[in-house]
2 protein chains.
Amino acid sequence: MIEAIENIVNGRCKKGVRYMKSEKKFITVGDGSGGLLMQSLLKEHILSHLDIKEEELTLLDMDDSGTIGDIAFTTDAYTVKPIFFPGGDIGSLSISGTVNDLSAVGSKPIAISSALILEEGLEISSLEKIIKSMQKTARSADVYIIAGDTKVIERGALEKCIVCTSGIGKRSRFLDGNIEEVRNHREFSGRWIKDSNLGDGDVILINGSIGDHGISIMSKREGIEFESEIKSDTKPLNHLVERILKIGGVTCLKDPTRGGVSNALNEWSEKSHIGIVVDEEKLPIKREVSVACELLGIDPLQIGNEGKMVIACVRERSEEILEELKRAEEEATIIGHATKDIEGVVLNTIVGGKRILETPIGDPIPRIC
Amino acid sequence: MIEAIENIVNGRCKKGVRYMKSEKKFITVGDGSGGLLMQSLLKEHILSHLDIKEEELTLLDMDDSGTIGDIAFTTDAYTVKPIFFPGGDIGSLSISGTVNDLSAVGSKPIAISSALILEEGLEISSLEKIIKSMQKTARSADVYIIAGDTKVIERGALEKCIVCTSGIGKRSRFLDGNIEEVRNHREFSGRWIKDSNLGDGDVILINGSIGDHGISIMSKREGIEFESEIKSDTKPLNHLVERILKIGGVTCLKDPTRGGVSNALNEWSEKSHIGIVVDEEKLPIKREVSVACELLGIDPLQIGNEGKMVIACVRERSEEILEELKRAEEEATIIGHATKDIEGVVLNTIVGGKRILETPIGDPIPRIC
């Protein structure tokens, strides 16, 4: 059984064991990055020790949500620093993140649980602000918070509050029609939207500008001021996802948080065993974000987003889906396509060259979610 | 709407607003106690700020799990200190706790998610030990871990690791039969096992000795040595619950963790608007635990347990249920009964007196789960 797991784990990697082998003895901050370091931790020290049963294969897939029967299930611990930032706070972030992870497998989010870990000394007024923000976000997504827990721990490195949200979703009523539309154009198996669904010729889109969340956190944390305030894009996207599933032909969806768009596309490429070409000139990046990235020496493709969805669909439906996305956010655009002619993720740069877009090793901006 | 919530919240309290009104501005360690301080925090500063919809009334019930349709849903953040203790660790504790909370509403646990918050510097070997322990416990409960998240934060007060588990359960196939058997003997409404189900004459049982978990944590944390090691009772109880639901006539179930048996019984009494009589001489307490409690000046009824279930059932089925419980643990016993003749929870003491068993204010042993 262990062997089978190793095959599955390794099977995801393009060139054998691609994660970084290590003789490590202690957890480091980079292990929580969402990049190769974290993948190594998960694969070498967590998943490899599990005697996985068939029902748990969904865990090994490491998609945005697990699935069992017609239910999608996901969890996230939010350790963002600071807990209040331009455009959002740990409350709106946690609900949006969980709703978006549920949406990314093609489910309709129905219920959310929230476990709060509060640090002694947290202002009650901050707690109340967070709670109200959680509910406002849940309302806007039409989901319900139906279970909770509250713990208090001594003062330390917590940034005063951690929120763990989990969510359950029901298979979307538009999923069967969506899959049927994919099958009208190419072979497709499976009942859910998965990272391993990407097929030759699929068009890749994003619903708006990238990097806003990470840069907003960074500027707030470090006290950096830009000419105009960069706001986090934190928001739930379940209604938008529902509308594009209704159009049909969607093959992959991914919430590009830790590790950014770069990590999301690399996960698709590895799990689907197919190449991806991205056109740099098409990437929607706000001028302020672009300037900030240059200043800080950070690749905007590696920065986490919290109100974005990377979408792949059959070519035949890409224009219709783009139109729907543009209705919500003008910056929505097609950023590339999948092709079996290459391996990995390749960026066609603005200056006319090509650059391999690697899975980030660590995180350029830690603790953004 | 807010008014409706306040009525619901206050409606649970025997004598109007029973929680402690405060002008507090900061979170204190006592707020995570599971006692009156925590109830006050939840009711005054969390629930009262929510504009609760019908789907969320289950959150206000504050039972061990929430329910939506035929699904039970629960979450817990485990901040236990130390993370390894006699008889268990944070891994077995988190899985058992979540399984038991799902069982306590009459559901069959099917899937678990696990969000790990690791502190920089945690030994990889400790992490692996915790992961293996989680899986071993999940296997023994026949549940599957299907979703996860991993975050790393800087060194602080974490005790190196926090585990947040959430779980989903399906309505047990024995629940309809169980409820039918209750209805053979008295009026009963509702589709789930709830804290508000306790009825006049119901017999109250426990499946084994109390206080073991809290004292084991305390002895390990403080380095206190007793003549024989006291082990935590941490274990999943879903199979046991299934067997007693199969017998039928079960009205309430509760996992007496933070706040202990005392808190569990007070919650039943308040939510069901009925009195409870407990016989002190029947309480199953191990000699070592009893000695430790006396030494430390702690009431064993206020200590958290992690492998216990307090059970209420119609009198007609109590002997059969007791027999089933005894098959698993010899110390299982009937500890009292519900009666409309009194208010609140009253302890008939060994020396022949009566003592009101109050909801604990804080926690005699903090951070046991």
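Residues numbered from 1 in each chain as written. Chains lettered and ligands numbered in written order. Predicted model: local features only at pLDDT ≥ 70, side-chain atom pairs only at ≥ 80, totals over all residues. Heavy atoms only, no water.

The subject of this paragraph is the relation of the copies chain B and chain A. Between the two copies of the chain lies a relationship made up of a rotation around an axis and a movement along it. Under the fitted operation, chain B is carried onto chain A by 0.0 Å of movement along the axis and a turn of 180 degrees, and the coordinates agree to an RMSD of 0.0 Å. Such a combination of turn and shift is consistent with a two-fold rotation axis. Considering only C-alpha atoms, the part of chain B nearest the rotation axis is Gly156 of chain B, at 2.1 Å. In this assembly, 100% of the residues forming the interface of chain B have copies in chain A that are likewise at the interface, indicating an isologous arrangement. (Least-squares fit on C-alpha atoms with pLDDT ≥ 70 in both. Contact = heavy atoms within 4.5 Å.)

Before going further, it helps to spend a moment on helix H10 (residues 287-296) of chain B. Along an α-helix, residues three or four apart share an orientation, since each turn contains 3.6 residues. Residue and element names in this part refer to chain B. For H10, every residue scored as buried is listed here: Val289, Ala292 and Cys293. The buried side chains of H10 occupy one side of the element, clustering within an arc of 100 degrees when seen end-on. What points out from H10, more than 90 degrees from its buried face, is the exposed set Arg287, Glu294 and Leu295. Just downstream of H10, Gly297 is the residue with a positive phi angle, here 70 degrees. (Buried < 20%, exposed > 50% of the residue type's maximum accessible area, 1.4 Å probe, protein only. Helix = DSSP H or I, 4+ residues; strand = E, 2+ residues; numbered from the N terminus. Arc of directions from axis to C-beta.)

Inspection of the secondary structure assignment puts Asp101 of chain B in helix H4 (residues 90-103). In contact with Asp101 of chain B, not counting residues within four places along its chain, are Asp64, Ser65, Thr74, Asp76 and Asp255 of chain B.

A common way to express how large an interface is: the accessible area buried when the components associate. Residue-level contacts link 80 residues of chain B with 80 residues of chain A. Regarding the contact of chain B and chain A, the summed buried area is about 6800 Å², with carbon and sulfur atoms giving 68% of it. The largest contributions to the chain B side of the interface with chain A come from Ile27, Phe73 and Ile146 of chain B, which together make up 11% of the buried area. Where chain B packs against chain A, one counts 8 salt bridges. Put simply, Glu56 of chain A and Arg139 of chain B hold a salt bridge, and the shortest N to O gap is 2.6 Å. At the junction of chain B with chain A, the criterion picks out 33 residue pairs in polar contact (both at pLDDT 80 or more). (Buried area = accessible area lost by both parts, 1.4 Å probe. Salt bridge = Lys/Arg side-chain N within 4 Å of Asp/Glu carboxyl O. Polar contact = N/O pair within 3.5 Å; in protein donor to acceptor, adjacent residues only side chain to side chain.)

Let us look at the pattern of salt bridges. Under the defined criterion, the tally for this structure stands at 56 salt bridges over all chains. Linking Asp279 of chain A and Lys282 of chain A is a salt bridge whose minimum nitrogen-to-oxygen distance equals 3.4 Å. A salt bridge links Arg327 of chain B to Glu323 of chain B; its shortest N-O distance comes to 3.6 Å. One end of the pair is Arg327 of chain B and the other is Glu323 of chain B, both in helix H11 (residues 315-328) and 4 residues apart, which spans about a single turn. Among the charged side chains, a network of salt bridges with common partners joins Asp61, Asp63, Asp64, Lys194, Asp195, Lys254, Glu267 and Lys271 of chain A.

With that out of the way, let us pick up helix H7 (residues 212-222) of chain B. All names here are of chain B. Where burial is concerned, most of H7 is hidden: 8 out of the 11 residues are buried. Buried within H7 we find Asp212, His213, Gly214, Ile215, Ser216, Ile217, Met218 and Ser219. With its phi angle positive at about 70 degrees, Gly223 sits one or two positions after the end of H7.

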